[in-house]
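Okay, here's what each chain looks like letter by letter:
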Amino acid sequence: KLGRSYEAKTWYERVINTTYDPILDIYARLNAIRQNKEGGVNYIDRNIQALVKMAKKDRFEDYRDIIYYTAAQMELERKNVPGAIGFLKLCIKNSPMNGTQRNKAFLQLGNLSFDAKDYRTARNMYDSLNMNALAREQDLSWLPDRKAALNIIVAQMQIMDRQDSLQRIAAMPPPARDAYIKHLSRYLRRLQ
C-alpha cells in the first residue's frame, strides 16, 4: 500500500521460504511476482516451474486447482496467453464440480477466447459458468448481453460453415461428388 514494492517482494519471498501452508506459499509467489519490477522473465519462469513441481506432489492434490490458476495468472503477467490457457484448462480439470476456482477459470477462458475472437469457445466457457457463485464475488452485469450476442454470432457461424461445406461438395466433379455422398451416407447409417 505504501508503494515500496522491493520490501514487499522481500517479505513475500521470506514467506515462501518459511511457510508450511500451501495456500500461503502459492499466493506469496503470485504477489512476489507482481511486486518484482526487475526480476524479468526468468523470475516468473522459476516460480511457475516451482508451482508445477508443487502440483505434482500428492500432498498438494487438494490445492491443484489453485496452483494451476495461480500459474495461469503468472503466465498472463508475462503476456503468455497460450500458456495461461493451458494452465486454466488444468485448473478446470483438477477442480471440484462447483469450485470457485473452476468458475474463475471458465470466466477467464471465456474472456481470453472472446478477446482472441474465438467466439465458439467463448460461448462454451460462458455457458459453463455457475452464475450464482460468481455473482456474489464480482459485477457481471455485462455477461448476459455478451452471452446473447455470442449465441447469435455462433449460430450464424454454424450456418456459414454448413453453406461452405455444401458449396464445396457442389463444386466437386460429378463422379467425385457421387462417391463422396455415397461414402457420407454409409458413414451416417453406421452412426445410427
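Source: prediction; values computed, not measured.

**Student:** If you had to explain the overall build of the protein chain to someone new, which residues and values would you point to?
**Tutor:** Along the protein chain, the regular secondary structure elements total 10 helices and zero strands. Starting at the N terminus and walking to the C terminus, you meet the elements of the protein chain as α-α-α-α-α-α-α-α-α-α. A globule of 192 residues ought to have a C-alpha radius of gyration of about 16 Å, yet the protein chain, at 23 Å, is considerably larger. The dimensions of the protein chain, computed from C-alpha atoms along their principal axes, are 75 × 35 × 35 Å. Out of the 192 residues in the protein chain, the part that is buried amounts to 33%. Taking the contacts inside the protein chain whose residues are at least 6 apart along the sequence as the reference set, 51% of them involve residues at least 24 apart. About 12,600 Å² of surface is accessible on the protein chain, with carbon and sulfur atoms providing 53% of the total. Computed over 32 positive and 21 negative side-chain charges, the inter-centroid distance for the protein chain is 5 Å.

**Student:** Talk me through the environment of Arg64; I want residue IDs and the actual numbers.
**Tutor:** With respect to the helices, strands and loops of the structure, Arg64 is situated in helix H4 (residues 64-77). Separated by 30 residues in sequence, Arg64 and Asn94 place their C-alpha atoms 6.2 Å apart.

**Student:** Describe the environment of Tyr126, listing the residues and the values that go with them.
**Tutor:** Looking at where Tyr126 falls in the secondary structure, it is placed in helix H7 (residues 119-127). In this structure Tyr126 comes out as buried when scored by relative accessible area, which is 0%. For Tyr126 and Asp139, which are 13 residues apart along the polypeptide, the C-alpha to C-alpha distance reads 15 Å. Leave out the neighbours within four places in its chain, and Tyr126 touches Leu107, Gly110, Asn111, Phe114, Trp142, Leu143, Arg146, Lys147 and Leu150. A polar atom in the side chain of Tyr126 sits 3.4 Å from the backbone oxygen of Gly110.

**Student:** Quick rundown of H4? Include the residues and the values.
**Tutor:** Residues separated by three or four positions in an α-helix point in the same direction, a consequence of the helix having 3.6 residues per turn. With 14 residues, H4 should cover 20 Å at 1.5 Å per step; its first-to-last C-alpha distance of 20 Å lies within 8% of that length. Burial of H4 is extensive: 12 of the 14 residues sit out of reach of the surface. Among the residues of H4, those classed as buried are Arg64, Asp65, Ile66, Ile67, Tyr68, Tyr69, Thr70, Ala71, Ala72, Gln73, Met74 and Glu75. Positive phi appears at Lys79, one or two residues downstream of H4, with a value of about 65 degrees.

**Student:** Please set out the packing of aromatic side chains residue by residue, giving values where relevant.
**Tutor:** Each aromatic ring pair is described using two quantities: the centre-to-centre distance and the angle formed by the ring planes. Evaluation of the coordinates by the stated rule reveals three aromatic pairs. Pairing Tyr126 with Trp142 gives two aromatic rings, centres 6.2 Å apart and planes at 75 degrees, and the pair type is edge-to-face. Here Tyr126 is found in helix H7, whereas its partner Trp142 is found in the loop between helix H8 (131-135) and helix H9 (143-170), with 16 residues between them in sequence. The cationic tip of Arg14 hangs over the ring face of Trp11; the distance from NZ or CZ to the ring centre is 4.6 Å. Of note, Arg146 hangs over the ring of Phe114, and the distance from its end group to the ring centre comes to 4.0 Å.

**Student:** Mind laying out the pattern of salt bridges, listing which residues take part and the relevant values?
**Tutor:** Summed over the entire model, instances satisfying the criterion amount to four salt bridges. Close ionic contact of Asp45 with Arg78 constitutes a salt bridge, the shortest N to O distance being 3.7 Å. Placement of the pair is Asp45 in helix H3 (residues 40-56) and Arg78 in the loop between H4 and helix H5 (81-93), with a sequence separation of 33 residues. One network of salt bridges, in which partners are shared, links Asp45, Glu75 and Arg78.

**Student:** Residue-level account of the layout of surface pockets, with values.
**Tutor:** With a probe scaled to a water molecule rolled over the atoms, the places where space remains empty come into view. Computed from the structure, the largest pocket encloses a volume of approximately 220 Å³. Surrounding the largest pocket, 13 residues form its lining, Asp25, Arg29, Met54, Lys57 and Phe60 being those nearest its centre. Elements with a contribution of two residues or more to the lining of the largest pocket: helix H2 (22-35) and H3. Here the residues of the lining of the largest pocket are counted per class, giving six nonpolar, one polar and six charged. Tallied by class, residues from the lining of the second largest pocket come to two nonpolar, three polar and three charged.

Here is what the cut-offs are and how they apply
Residues numbered from 1 in each chain as written. Predicted model: local features only at pLDDT ≥ 70, side-chain atom pairs only at ≥ 80, totals over all residues. Heavy atoms only, no water. Helix = DSSP H or I, 4+ residues; strand = E, 2+ residues; numbered from the N terminus. Rg over C-alpha atoms; globule rule 2.2 N^0.38 Å. Buried < 20%, exposed > 50% of the residue type's maximum accessible area, 1.4 Å probe, protein only. Contact = heavy atoms within 4.5 Å. Areas by Shrake-Rupley, 256 points an atom, 1.4 Å probe, with all protein chains shown as cover. Lys, Arg positive; Asp, Glu negative; His and termini not counted. Charge placed at Lys NZ, Arg CZ, Asp CG, Glu CD. Polar contact = N/O pair within 3.5 Å; in protein donor to acceptor, adjacent residues only side chain to side chain. Expected span 1.5 Å × (residues − 1). Phe/Tyr/Trp six-rings, centres within 6.5 Å; stacked < 30°, edge-to-face > 60°. Lys NZ or Arg CZ within 6 Å of the ring centre and 35° of its normal. Salt bridge = Lys/Arg side-chain N within 4 Å of Asp/Glu carboxyl O. 1 Å grid on protein atoms, 1.4 Å probe; cavity = no way out; pocket = protein on both sides within 12 Å on 5 of 7 lines; lining within 4 Å. Points joined across faces, edges and corners; volume = space filled by probe spheres on them. Nonpolar A, V, L, I, M, F, W, Y, C, P; charged D, E, K, R; others polar.

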